[in-house]
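Here are the chains, one letter per residue:
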Amino acid sequence: MSDALYSKPRIVARVAPPLNVRLWRLLGVALALAFLAYLPFVLAHRSAFGFRLTNAELLNLGLSQINLMMIAMLGALSLNYLTGCAGLISIGHAAFYATGAMTAAIVGTQWGWPFPLALAAAAVTGALVGIIAGLPSLRVRGLYFVLSTLAVHHVVIFVFLEYQFRYFDVVGVPYDPPRLGSYALNTSMRWYFFLLPVVALVYWGFKNSLGTREGRAMRAMRDHELAATAAGVDVRVLRLKAFAFSSAIASMAGALQAYFMSNVTSEAFGLDFAIQFIAMIIIGGLGSLGGSLVGAAIWLLAPSIISGLAPQGGDASGWMGTLLVEHKPQLVQAAFGVLIILLLIFAPGGVAGLGRKLKAMLSPQRAR
Amino acid sequence: MLAQVVFSGLALGSIYGLVALGFAVVFKATEVFNFAQGMLAVCGAYFAATAISIFGWPFPLAIAFMAVAAIALGVAIHVLLIQPLAGRSMLAVIMVTIALSIVLRAVIEMIYGPQGRTLVTPLPNGVITLGSLRISELHLTAALVSWACMAIFAAFFRFTSVGLLMRATADSHEAAVVSGVNVNTMNRLAWGIGSLLAAIGGLFLGQLQIVSTDLESIGLLALPAVVIGGLQSIPGAVVGGLLVGLIEQVSASYISPKSTDIVIYTLLLLILLVRPWGLFGQRELGRV
């Protein structure tokens, strides 16, 4: 399938770059780390280097939004791994989140296991459910497979609903305050410093797995299934593995989200929830892991940035003002929908594709 | 009791069948799996509601307005969204229909507000009692109109030259182009018909319940209906719709109201595993 939607593999000989390039790169990484370490303090104290910042200057962002964004990044990464890299389109990602949340409820809330064990249990259950959900991929392709993930979504959400109403009630499933040993995750700041390494670790894991033999076989399978089979790739096993890996991470993210929210109902994991991940990876760029991070950031942060602009718009008289004040959620939804449509039509590579284009324009060596 | 359930199942199923038929026409012509079909039904209901309660037009004029608006909407979708994506991957096309339904829902809620409206039409609203069977006249009208529409479109595809051209285009784009058929016009027509059928379904759904964007989930039951019937098969869509309506009513009254989704989607999963081409579809043979 030669489609500009997917990032094309670049064949570049691996030569160590010159020393000055390596130094610049090191400096960049150090700056990024410093930024990430300082960011929560800026957002928590609403000031940077002693200067007070207004809400508008901070783009109306808070630390818990950043935390939610990082949890969503896990989902977007795992979906992009499955859809963008393995070529399996799934609209059942909310089901894996729900699986994780339910496992955490059974293991953590009902049996009283500690938080890290609950996360591990969620990942294991997620992998199992992922394998089951991936079974139709042995028999059906393309569109039919998409529909089977839709069916799996409805089945899992129904099970969650039944579970919720049997052991808890309409209010939702409660979760104990999580703690890692003596480090209680009771503030946004602590969550931030817990989630940051988790996201980095997951990103690094996916990235490395793509570089292995199986990772390359997986992308070969996405691009041309028959050619991959002819080259000796067992696509059936590979599909199930990709599904298990991806859904384990999604399920862990679901457990994290459940603990973060401390209360979850089945409505939280509707079809919209699954669709938002597809939107994230399309915005970010299919097949680009870095793009999924950007896509998740845009999806989670843009609404509050738009809301932050609303007070200024509210002064404007006329229909624009009323639109911004009265129909903010709908306006955000419409803006996102239009953004996705425009990206699909004009920039199929998403943000990552635009980045590649920009790089090609700026670098003199690769100019054609 | 059972007869009652079966009757309302078949009546609702006829509406689903109608929406599913529109879906199948679009899929056969352009191979677009239209996740916005439910939203197109909602749009139809809102077109009718606008003409009747806001413009205050008489019922026949309102219906004509709804039909024209729905066809225009379908054609616009094909020209603006589907044509630019020609030849692109399935995910791009699926996602564009999902994004479309997000935008349509947001726009409807911005214009009309999130709360539903009632649709007042001169359609019969009483109840006929036949022995122990209570037949709602509205259900009956919905079923009859749905069947009439299906018959009209079956005749259209079977007996008119445009219908023949559309079937030829759906069978093979290239052969149709070579024979001098304007494929784009045929595809636009297919989208117009698909949207119109959804709108008629939406009119009845809005009448049976209340006109709101939540009707989308009911309209989306056309998806399992089409797949159970067979994606490539037009009669399959109708039978699938009837089946889904029947299953919905039976499981709602004999198992539990919450169980309808899972019963329908479990059946869908089974069909996908055992007979992916559906009950009436043709087995697709891949060529290497």
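Looking only at helices and strands, chain B features twelve helices and two strands. Ordered by position in the sequence, the α and β elements of chain B form the string α-α-α-α-β-β-α-α-α-α-α-α-α-α. A compact globule built from 288 residues should have a C-alpha radius of gyration of about 19 Å, and chain B, at 19 Å, falls within 12% of that. Based on the C-alpha atoms only, the size of chain B along its principal axes is roughly 60 × 45 × 35 Å. In chain B, which comprises 288 residues, the proportion classed as buried is 50%. Within chain B, residue pairs in contact and separated by at least 24 positions form 73% of the contacts whose partners lie at least 6 positions apart.

Glancing now at the overall build of chain A. When helices and strands are counted, chain A shows 14 helices and six strands. Burial analysis of chain A (368 residues in total) assigns 43% to the buried set. Across chain A, contacts joining residues at least 24 apart in sequence account for 75% of those joining residues at least 6 apart.

With that settled, consider the pairing of strand β2 (residues 133-136) of chain B. Residue and element names in this part refer to chain B. In terms of strand pairing, strand β1 (residues 127-130) meets β2 through four bridges, oriented antiparallel. Its bridge partner lying in β2, Thr129 is registered against Arg134. Here β1 folds back onto β2, and the loop between the two strands holds two residues, one of which, Gly131, carries a positive phi near 65°.

If you look at the biggest cluster of nonpolar residues, it comprises 201 residues, and the most contacted ones within it are Ala45 and Ala199 of chain B. It is helix α1 (residues 2-30) of chain B that contributes the most residues to this core, 15 residues altogether.

Helical periodicity: at 3.6 residues per turn, an α-helix aligns residues three or four positions apart in one direction. Residues and elements named next belong to chain B. With 29 residues, α1 extends 40 Å from end C-alpha to end C-alpha; this agrees with the ideal 42 Å at 1.5 Å per step. Of all 29 residues in α1, 23 are buried, a share of seventy percent or more. Once α1 finishes, Glu31 follows within two positions and takes phi at roughly 55°, a positive value.

Take the confidence of the model for chain B next. Predicted coordinates in areas of low pLDDT are best not read in detail. All names here are of chain B. Per-residue confidence for chain B averages 86 on the pLDDT scale, and 98% of its residues sit at or above 70. Model confidence for chain B, summarised as mean pLDDT per element, is weakest for β1 at 78 and strongest for helix α3 (residues 59-82) at 93. In the model output, the complex is listed with pTM 0.84 alongside ipTM 0.84.

Residues and elements named next belong to chain A. Turning to its location among the elements, Ser307 is positioned in helix α11 (residues 289-315). For Ser307 and Leu331, which are 24 residues apart along the polypeptide, the C-alpha to C-alpha distance reads 10.0 Å. Apart from the residues within four sequence positions on either side, Ser307 is in contact with Asn60 and Lys328.

Let us look at the interface of chain B and chain A. Chain B puts 33 residues into the contact, and the matching count from chain A is 37 residues. Contributions of two or more residues to the side of chain B that touches chain A are made by α4 (90-112) and α12 (260-274) of chain B. Sorting elements by how many residues they give to the side of chain B that touches chain A places α4 of chain B first, with 15 residues.

Moving on to the environment of Leu150 of chain A. Residue and element names in this part refer to chain A. With respect to the element layout, Leu150 can be found in helix α5 (residues 142-167). Take Leu150: there are 24 C-beta atoms within 10 Å of it, and that puts it in the buried class. Separated by 60 residues in sequence, Leu150 and Ser90 have C-alpha atoms that sit 7.7 Å apart. Look past the residues within four positions of Leu150 in its chain and what remains in contact with it is Ile91 and Gly92.

A separate point is unusual backbone geometry. Unlike most non-glycine residues, Ser262 of chain A shows phi in positive territory, near 65°. Ser262 of chain A sits in the partly exposed class, given 13 other C-beta atoms within 10 Å. A positive phi angle, near 55°, is found at Glu31 of chain B, a position not held by glycine. Locating Glu31 of chain B in the fold gives a position in the loop between α1 and α2 (37-54).

Here α2 of chain B spans 25 Å end to end across 18 residues, near enough to the 26 Å set by a 1.5 Å rise per residue. Just past α2 of chain B, the residue Gly56 of chain B takes up positive phi, approximately 70°.

Moving on, we come to the environment of Phe260 of chain A. Residue and element names in this part refer to chain A. Relative to the assigned elements, Phe260 resides in helix α9 (residues 235-261). Looking at Phe260, the number of C-beta atoms within 10 Å reads 19, which means it is partly exposed. With 193 residues separating them along the chain, Phe260 and Asn67 place their C-alpha atoms 8.6 Å apart. Discounting chain neighbours no more than four positions away, the residues touching Phe260 are Asn67, Ile71 and Trp191.

Here we come to the packing of helix α5 (residues 137-159) of chain B against helix α6 (residues 161-171) of chain B. Residue and element names in this part refer to chain B. Interaxial distance between α5 and α6 falls to 5 Å at its minimum, and their mutual angle equals 80°. By the angle between their directions, the pair α5 and α6 is classed as roughly perpendicular. Where α5 abuts α6, its residues Phe156, Phe157, Arg158 and Phe159 lie against Gly163, Met166 and Arg167. Of the residues contributing to the contact of α5 with α6, the split by class is four nonpolar, one polar and two charged.

On to the packing of helix α10 (residues 222-229) of chain B against α12 of chain B, then. Residue and element names in this part refer to chain B. At their nearest, the axes of α10 and α12 sit 10 Å apart, and the two run at 30° to each other. α12 is crossed by α10, and the crossing has left-handed handedness. Counted together, Pro224, Val227 and Ile228 of α10 and Ile264, Tyr265, Leu267, Leu268 and Ile271 of α12 form the full contact between these two elements. Grouping the constituent residues of the contact of α10 with α12 by class yields eight nonpolar, no polar and no charged.

Thresholds, definitions, all that
Residues numbered from 1 in each chain as written. Chains lettered and ligands numbered in written order. Predicted model: local features only at pLDDT ≥ 70, side-chain atom pairs only at ≥ 80, totals over all residues. Helix = DSSP H or I, 4+ residues; strand = E, 2+ residues; numbered from the N terminus. Rg over C-alpha atoms; globule rule 2.2 N^0.38 Å. Buried ≥ 20, exposed ≤ 12 C-beta atoms within 10 Å, placed from the backbone. Contact = placed C-beta atoms within 7 Å. Pairing = 2+ DSSP bridges. Core = buried A, V, L, I, M, F, W, Y, C linked by C-beta atoms within 7 Å. Expected span 1.5 Å × (residues − 1). pLDDT = per-residue confidence, 0-100. Axes fitted to C-alpha atoms, helices over the stretch in contact; angles between N-to-C directions. Parallel < 35°, antiparallel > 145°, perpendicular 65-115°, else oblique. Nonpolar A, V, L, I, M, F, W, Y, C, P; charged D, E, K, R; others polar. Left-handed = near helix turned anticlockwise from the far one by under 90°.

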